Amino acid sequence: MNSEFAVRSMRPGELELVLEWARQEGWNPGLDDSLAFLEADPSGFFVGAIGEVPVGSISVVKYGESFAFLGLYIVHPDFRGKGYGKAIWQAGIASAGDRTIGLDGVAAQQDNYRKAGFEPAYSTIRYGGVANSLPVSTLVAQPVLDSRLEGLQRYDSVIFPQPRDAFLAAWCTGRKGRRSVVVRKSGKIRGYGTIRRCYEGYKIGPLFANDADSAAALLAGLIPEAKGAATVFIDIPTANHEAVALAEGLGLKPVFETTRMYRGPAPAIPLKHVFGVTTLELG
């Protein structure tokens, strides 16, 4: 290992570099994820660098005092097999303190994550394809308004392990290539979701809903953002059979699988309301 190597917090512009690495790895991040990612936890992003040259990365985004989520663990191909990844991993894990840490692991890495103290909780399958129709619902989704974010943030905190208000404020804003919608009934939120442009097609996430009818209304409001011909992806917990049925009804097919794993006590997540994971990088 080079004596100049050190792990430090990311500097301006380095998260964009790491997201480009993620694109090269085939992870297909969103085109403008960096702003919202940093809002989640500005102190949660690290690079391992030799002098001024980043060679690897990790994110351990802290949500409150009891939960963190690990992602963007990448070592540039030119620097693999030299011990840099292990040092970056250890620094990232240490940054979480005694919080439970979650991650979404591919099958090839799960044994390594178990050795590091992570235990599997549930499987997630990415469904993808060009939607062949819009789902039918008794409800109609409406655009998310900045002036009404507070109610959406409260709704999200019932499903996600910890509040993430700053992240949602950035994630759900109506920037180009991104759309967020919410479903209400009798004035009460029954679900919300976001679709965003990625390097390949569009990803939908989160897709949180009280029931399949609400989720169908959200999908009907989101899918038109893909302009009909673009591929749409949704990461769905396999335990949510209604979510799987909705995806299959759209003509989407399984394309990728991960396992949610936790180091520490697993948070209680109501998977029946998770019709689509927010993002595999941040949970």
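Since the structure is predicted, the reported quantities are computational estimates derived from the model, not experimental observations. For every chain, the first residue of its written sequence is number 1, and the numbers climb from 1 along that sequence. Two thresholds apply to this predicted model, a pLDDT of at least 70 for residue-level local features and 80 or more for giving and counting side-chain atom pairs, whereas whole-chain, interface and lining totals are computed over all residues. Remark: hydrogens and water are excluded; side-chain values derive from all non-hydrogen atoms of the structure.

## Focus on empty space enclosed by the protein
Residues are said to line a cavity or pocket when one of their atoms sits within 4 Å of a point; the points come from a 1 Å grid over protein atoms alone, cavities being sets where a 1.4 Å probe fits but cannot get out and pockets being open sets with protein on both sides within 12 Å along at least five of seven lines. Grid points are joined across faces, edges and corners, and a volume is the space filled by probe spheres set on the points. A complete count under the given rule lists one cavity of 30 Å³ or more for this structure. Empty space within the largest cavity amounts to approximately 110 Å³. Along the wall of the largest cavity there are 13 residues; nearest its centre are F160, F208, R260, I269 and G283. Polarity classes work like this: nonpolar for Ala, Val, Leu, Ile, Met, Phe, Trp, Tyr, Cys and Pro, charged for Asp, Glu, Lys and Arg, and polar for all others, with Gly in that last group. Along the lines of polarity and charge, the residues of the lining of the largest cavity split into ten nonpolar, two polar and one charged.

## A look at the layout of surface pockets
In this structure, the largest pocket occupies an estimated 940 Å³ of space. For the largest pocket, the lining is made up of 40 residues, of which W27, Y73, D104, V106 and Y113 are closest to its centre. Of all the secondary-structure elements, those providing two or more residues to the lining of the largest pocket are strand 4 (67-75), helix 3 (84-95), strand 5 (100-105), helix 4 (110-115), strand 10 (202-209), strand 11 (232-237) and strand 12 (253-263). Top contributing element to the lining of the largest pocket by residue count: strand 4, with six residues. Across the lining of the largest pocket, the residue classes break down as 18 nonpolar, eleven polar and eleven charged. Where helices and strands are cited, they refer to DSSP runs of H or I of at least four residues and of E of at least two residues respectively, numbered from the N terminus.

## Observations concerning helix 1 (residues 14-24)
Within the sequence span of helix 1, burial applies to E14, L15, V18, L19, W21 and A22. One face of helix 1 carries all of its buried residues, which in axial projection span an arc of 150°. The elements touched by buried residues of helix 1 are strand 1 (5-9), helix 2 (33-40), strand 2 (45-50), strand 3 (53-63) and strand 4. With its phi angle positive at about 90°, G26 sits one or two positions after the end of helix 1. We call a residue buried when its accessible area falls under 20% of the maximum for its residue type, exposed when it is over 50%, and partly exposed in between, using a 1.4 Å probe and counting protein chains only. Directions are taken from the helix axis to each C-beta atom, and the arc is the one they span. Between two residues, a contact is recorded if the distance between any of their heavy atoms is within 4.5 Å.

## Some thoughts on the side chain of T124
By the secondary structure assignment, T124 is in strand 6 (residues 119-129). Look past the residues within four positions of T124 in its chain and what remains in contact with it is D235, I236, P237, F256, E257, T258 and V277.

## Re helix 5 (residues 149-159)
Of the residues making up helix 5, those classed as buried are L149, L152, Q153, Y155, D156 and I159. Looking down the long axis of helix 5, one finds its buried residues gathered within 160° of arc, a one-sided arrangement. In helix 5, those exposed residues whose orientation departs by more than 90 degrees from the buried face are E150, R154 and V158. Among the structural elements, helix 6 (165-171), strand 9 (188-197), strand 10 and strand 13 (274-276) are those in contact with the buried residues of helix 5.

## Considerations on the pairing of strand 9
By the criterion of burial, strand 9 is predominantly enclosed, with seven of the ten residues buried. Note on pairing: DSSP must find at least two bridges between two strands before they are called paired. Relative to strand 9, strand 8 (residues 178-185) runs antiparallel, the two being bridged by eight bridges. Each residue of the ladder has a partner; that of V181, found in strand 9, is G193. As paired elements, strand 9 and strand 10 share six bridges and run antiparallel to each other. By the bridge assignment, Y192 is partnered in strand 10 with F208. Where strand 9 folds back onto strand 10 in an antiparallel hairpin, the turn is made up of four residues, including G201, whose phi is positive at roughly 65°.

## Observations concerning the packing of aromatic side chains
Any two rings among Phe, Tyr and Trp, with Trp reduced to its six-membered ring, count as a pair given centres within 6.5 Å; such a pair is stacked if its planes are under 30 degrees apart, edge-to-face if over 60, and tilted if neither. Evaluated as defined, the whole model comprises 14 aromatic pairs. When the centroid spacing of 5.2 Å and the interplanar angle of 55° are considered together, the rings of Y73 and W89 count as tilted. In this pair, Y73 is assigned in strand 4 and W89 in helix 3, connecting sequence segments 16 residues apart. We classify Y73 as partly exposed; its relative accessible area is 27%. Geometrically, the ring pair formed by F79 and Y84 is edge-to-face, given 6.4 Å between the ring centres and 70° between the ring planes. The structure contains a cluster of three or more aromatic residues connected by ring pairs, namely Y63, F67, F160 and Y262. In our convention, an over-ring charge means Lys NZ or Arg CZ found within 6 Å of a ring centre and within 35 degrees of that ring's normal. In this structure, R23 packs its charged tip against the face of Y199, placed 5.7 Å from the ring centre. The ring of F160 carries R164 above its face, with NZ or CZ at 3.8 Å from the centroid.

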